[in-house]
Amino acid sequence: MSLSTQDRRARDTPKPPVTTRAAGDRPVAKLPLRYRLRRDRTLILMTLPAVALLLVFAYVPLAGNVVAFQDYDPYIADNAFEAISQSPWVGFEWFQQMVNDRLFWSALRNTLVIFLLQLTLFFPVPVLLALFVNSFVRPRVRAVAQAILYLPHFFSWVLVVTVFQQMFGGAGLIAQTLREHGHEGFDLMTDPGLFKFLITFEMIWKDAGWGVIVFLAALASVSPDLYEASAMDGANRWRRMWHITLPALRPVVALLLVLQVGNALTVGFEQILLQRTAVGPGASEVLDTYVWNVGITNGGFSYAAAVGIVKGIFGLLLVLGANKVAHLMGEQGVYKK
């Protein structure tokens, strides 16, 4: 008796092994790799371009960090590979120079101060905005408010700095209005003492609305039945926010906080570079601009690579430390224990 097409297809399809699970134990058997690859082939094909981009632009360039231990000269040969192979080795000379470099420590101090300001002033804003938008009853009003909030995210930093210059600069709208009414004008864009606060508020205006999307997605997973049940038990709006809304946001807040700490030494290269001339390097020099000036402007590729390695190692340690704190708080963080 001949088999139908459906029966033959069912016969030829590999059957996954039956997994047994004891009480409180993990599965005894796993699906074979061949079966998992065949099952997830569509998803794997979709991720291949992203993996290729990550390899080409993130992992392959890591091999260039070898110049941090050389006296690298890009003009010693016809291409970069030959220049690396022919450059003499100097060991940890550039790292010793970095430790004794006053400008490096000044850039590191500015970087950490800006990071602490952004962590204190910027990080809570998306959470508060998400709670504010989520309080709107009408979905149409909520959608319009969300669109208005995250629209500045699509502006370039050139446009953002221009807007702030036209508003808070010496010839800006606010200063001109004050002068017309007999008051003394001001120029926030050229004040070195306020520069760190200025770039923090620029980042809030540009990116706080975009961060709202993540928290609104977390709030969308909360069942409305919880709010209804708590309201029937007599809980007011603040009680519902404290016992339902904020616990729902806690895992997302912990994850984003760990990622934010990992970027502690990356505080906005393009944004600061555009305004560096107005306030001077003493107030605006951070590690990213310092590496740019030393490596690209002055041609100190080896020294800039050494600074970049130290920055990467320090960022990795911060991520691991922040993730450990998240585990101690009972959250998953970037990865599980």
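Since the structure is predicted, the reported quantities are computational estimates derived from the model, not experimental observations.

About the criteria used
- Residues numbered from 1 in each chain as written.
- Predicted model: local features only at pLDDT ≥ 70, side-chain atom pairs only at ≥ 80, totals over all residues.
- Heavy atoms only, no water.
- Helix = DSSP H or I, 4+ residues; strand = E, 2+ residues; numbered from the N terminus.
- Buried < 20%, exposed > 50% of the residue type's maximum accessible area, 1.4 Å probe, protein only.
- Contact = heavy atoms within 4.5 Å.
- Areas by Shrake-Rupley, 256 points an atom, 1.4 Å probe, with all protein chains shown as cover.
- Expected span 1.5 Å × (residues − 1).
- Phe/Tyr/Trp six-rings, centres within 6.5 Å; stacked < 30°, edge-to-face > 60°.
- Axes fitted to C-alpha atoms, helices over the stretch in contact; angles between N-to-C directions.
- Parallel < 35°, antiparallel > 145°, perpendicular 65-115°, else oblique.
- Left-handed = near helix turned anticlockwise from the far one by under 90°.
- Nonpolar A, V, L, I, M, F, W, Y, C, P; charged D, E, K, R; others polar.

Q: Teacher, can you tell me more about the overall build of the protein chain here?
A: A count of helices and strands for the protein chain gives 17 helices and zero strands. Per-residue burial for the protein chain yields a buried fraction of 31% across its 337 residues. Residue pairs at least 24 apart in sequence account for 61% of intrachain contacts in the protein chain once pairs closer than 6 positions are excluded. Working note: accessible area of the protein chain is about 21,700 Å², and carbon and sulfur atoms make up 65% of it.

Q: Whenever I open this one, helix α17 (residues 301–328) confuses me. Can you help?
A: An α-helical turn contains 3.6 residues, so any two residues separated by three or four positions project in the same direction. The end-to-end C-alpha separation of α17 is 41 Å, in line with the 40 Å expected for 28 residues at 1.5 Å each. Once α17 finishes, Gly330 follows within two positions and takes phi at roughly 85 degrees, a positive value.

Q: Which parts of the structure should I look at to understand the packing of aromatic side chains?
A: Here a ring pair, both rings aromatic, is described through the centre-centre distance and the interplanar angle of the planes. Inspection of the entire model under this criterion finds 15 aromatic pairs. Look at Phe69 and Phe95: their rings are 5.4 Å apart centre to centre, the planes differ by 35 degrees, and that puts the pair in the tilted class. Here Phe95 lies in helix α5 (residues 93–99) and Phe69 lies in the loop between α3 (41–59) and α4 (80–86), a separation of 26 residues in the sequence. The partly exposed category is assigned to Phe69, whose relative accessible area is 25%. Measuring from ring centre to ring centre gives 5.2 Å for Phe104 and Trp105, while their planes differ by 70 degrees; the resulting arrangement is edge-to-face. Looking at Trp105, the relative accessible area reads 42%, which means it is partly exposed. Connected via pairs of aromatic rings, a cluster forms that spans Trp94, Phe104, Trp105, Tyr290 and Tyr303.

Q: Whenever I open this one, the packing of helix α6 (residues 102–122) against helix α11 (residues 195–220) confuses me. Can you help?
A: Packed helices, taken two at a time, are described by the angle their axes make and the gap between the axes. Close contact between α6 and α11 brings their axes to 10 Å; oriented N to C, the two are set at 45 degrees. Here α11 runs oblique to α6, going by the angle between their axes. Note that α6 runs across α11; the crossing there is right-handed. Seen from α6, the contacting residues are Asn110, Val113, Ile114, Leu117, Gln118, Leu121 and Phe122; seen from α11, they are Lys196, Phe197, Ile199, Thr200, Met203, Ile204, Asp207 and Ala208. Here the contact of α6 with α11 is composed, by residue class, of ten nonpolar, three polar and two charged.

Q: Before we go on, may I ask you to explain the environment of Val307 in this structure?
A: As for its position among the elements, Val307 is in helix α17. Here Val307 falls in the buried class, since its relative accessible area comes to 3%. Among residues more than four places away in sequence, those in contact with Val307 are Met98, Phe104, Leu287, Tyr290 and Val291.

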